[in-house]
Protein chains: 2
Amino acid sequence: METDRHDYTEVLTRHGIRPTAIRLLIYRTALRFHDTFSMAELEDALESVDKSTVFRTLSLFAARHLVHEIEDGTGSTKYCLCRNDHPCGINELHCHFHCESCHKTFCLDHTHIPVVRYPAGFEVRQIDYLLKGLCPECRAKQHSGSER
Amino acid sequence: METDRHDYTEVLTRHGIRPTAIRLLIYRTALRFHDTFSMAELEDALESVDKSTVFRTLSLFAARHLVHEIEDGTGSTKYCLCRNDHPCGINELHCHFHCESCHKTFCLDHTHIPVVRYPAGFEVRQIDYLLKGLCPECRAKQHSGSER
DNA sequence: TGTATTTTGCAACCCGGTTGCAACAAAATT
DNA sequence: AATTTTGTTGCAACCGGGTTGCAAAATACA
């Protein structure tokens, strides 16, 4: 839980976001999550920031391609920091994995989304690829249990 | 808007679902949608059935693999009838396309989801592949307009 | 036909997300 | 530096899709 004192002003400005104190704080806090996080989780980690501010900040970050939004089927949007410093092209997107047991959603950073051939006429701007099942931990737990 | 009088009792029973009058009605109504539909759309098409019943019926259908649930990022779950008469394997799933302009979600029935190589330890049970962008109609409209 | 079980409708609720507005802070202007 | 303008934040209220408890109705079963 060490506090990151590095200054990310430049990161925000590069994305066309005004680096207010709260935005920098939110960005620093988001960095602590290595996989995805929800608005609520970020809110908890922040304590003193209002939920509407967190919401608006994440929306802004998403619009400026600083975070990705992920629908993992739980009904609550997840976010993850984009490690690229430019808007991700279709070929740079990575897959996500949602564990149906512990409900964590993982970034498979090294697993790129394969682009399918789709019918003519459609214009694709974004792709989501979501695997669902059991994460390694939950799988181990399950097997060690009643071996069902 | 013709009414389908065919009897789908057998379809439901084959999936382990008791064929009550309402469930048959809901199934027949769902058949009228060629792409995906939301709970609300189905409710409208049904008129006289309560929303909780529609909800519980769709949940049951989904649990019994009679419909697929699709998260298209709008926050409202979409459904589509599964045309297979057995639970779809990982290799039988199809992609979906969500239009960011008209907000319709299409089934790309003939575009199967490519299965990626994922890190060891994960157990995959389900995959969602969602393309987002403009559907052919909206794309045409946009181009014919101010040609921006 | 009477009893047990399941399904349905109604109403109320939950909760993540979203918005209007006033207070506040930062930036631009004089 | 003081003032005006613009953008940001917190608060509270709201919205809407989804979900649940419960009693009534329908269905299965003895």
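Going by the structure above, here's the rest.
The notes below deal with the structure included here. (Residues numbered from 1 in each chain as written. Chains lettered and ligands numbered in written order. Predicted model: local features only at pLDDT ≥ 70, side-chain atom pairs only at ≥ 80, totals over all residues. Heavy atoms only, no water.)

Residues and elements named next belong to chain A. Reading across the sheet, the three strands line up as 1-3-2 and stay open at both edges, with antiparallel pairing between neighbours. Each edge of the open sheet carries a strand with a single partner, namely strand 1 (37-38) and strand 2 (67-70). Two strands pair when backbone bridges link them, and strand 1 and strand 3 (residues 78-81) are joined in this way by two bridges, in the antiparallel orientation. Its bridge partner lying in strand 3, Ser38 is registered against Lys78. (Pairing = 2+ DSSP bridges. Helix = DSSP H or I, 4+ residues; strand = E, 2+ residues; numbered from the N terminus.)

Taken together, 18 residues surround DNA strand C, and among them A:Phe55, A:Thr77, B:Thr20, B:Thr53 and B:Arg56 come closest. The sugar-phosphate backbone supplies 60% of the atoms of DNA strand C found within 4 Å of the protein. In this structure, a phosphate oxygen belonging to DNA strand C sits 2.9 Å away from a main-chain N or O atom of A:Thr77. Interatomic distance of 3.2 Å between a side-chain N/O atom of B:Ser52 and a base nitrogen of DNA strand C. (Near = heavy atom within 4 Å. Polar contact = N/O pair within 3.5 Å; in protein donor to acceptor, adjacent residues only side chain to side chain.)

Hydrogen bonds between backbone groups are what pair the strands of a sheet, and the pairing can be parallel or antiparallel. Residues and elements named next belong to chain B. Spatially, 1-3-2 is the arrangement adopted by the three strands of the open sheet, whose pairing is antiparallel. Pairing within the sheet leaves two strands with one partner each, and these edge strands are strand 1 (37-38) and strand 2 (67-70). Each of strand 1, strand 2 and strand 3 (78-81) is contacted by helix 4 (residues 51-63), which is oriented at about 105 degrees to strand 2, the strand it contacts most. (Contact = heavy atoms within 4.5 Å. Axes fitted to C-alpha atoms, helices over the stretch in contact; angles between N-to-C directions.)

The next thing to look at is the interface of chain B and chain A. Contact residues are listed per partner, giving 35 residues for chain B and 35 residues for chain A. Between chain B and chain A, a total of about 3,000 Å² is buried, with carbon and sulfur atoms accounting for 60% of that surface. For the pair chain B and chain A, the number of links is six salt bridges. The partner of A:Glu123 in a salt bridge is B:Arg139, with the nearest N and O atoms 3.2 Å apart. Counting across the chain B and chain A interface gives 18 residue pairs in polar contact (both at pLDDT 80 or more). Top contributing element to the side of chain B that touches chain A by residue count: strand 6 (residues 123-134) of chain B, with 12 residues. Each residue belonging to the side of chain B that touches chain A can be placed in one class, and the counts come to 20 nonpolar, seven polar and eight charged. Pairing of strand 6 (residues 123-134) of chain A with strand 6 of chain B, which is carried by 11 bridges, proceeds in the antiparallel orientation. When the sheet's bridge partners are listed, A:Asp128 is paired in strand 6 of chain B with B:Leu130. (Buried area = accessible area lost by both parts, 1.4 Å probe. Salt bridge = Lys/Arg side-chain N within 4 Å of Asp/Glu carboxyl O. Nonpolar A, V, L, I, M, F, W, Y, C, P; charged D, E, K, R; others polar.)

Residues and elements named next belong to chain A. The topology assignment puts Thr105 in strand 5 (residues 105-112). A polar contact of 2.7 Å, which involves the side chain of Thr105, links it to the side chain of Asp72. Residues contacting Thr105, with those up to four places away along its chain left out, are Asp35, Thr36, Asp72, Lys78, His96, Phe97 and His98.

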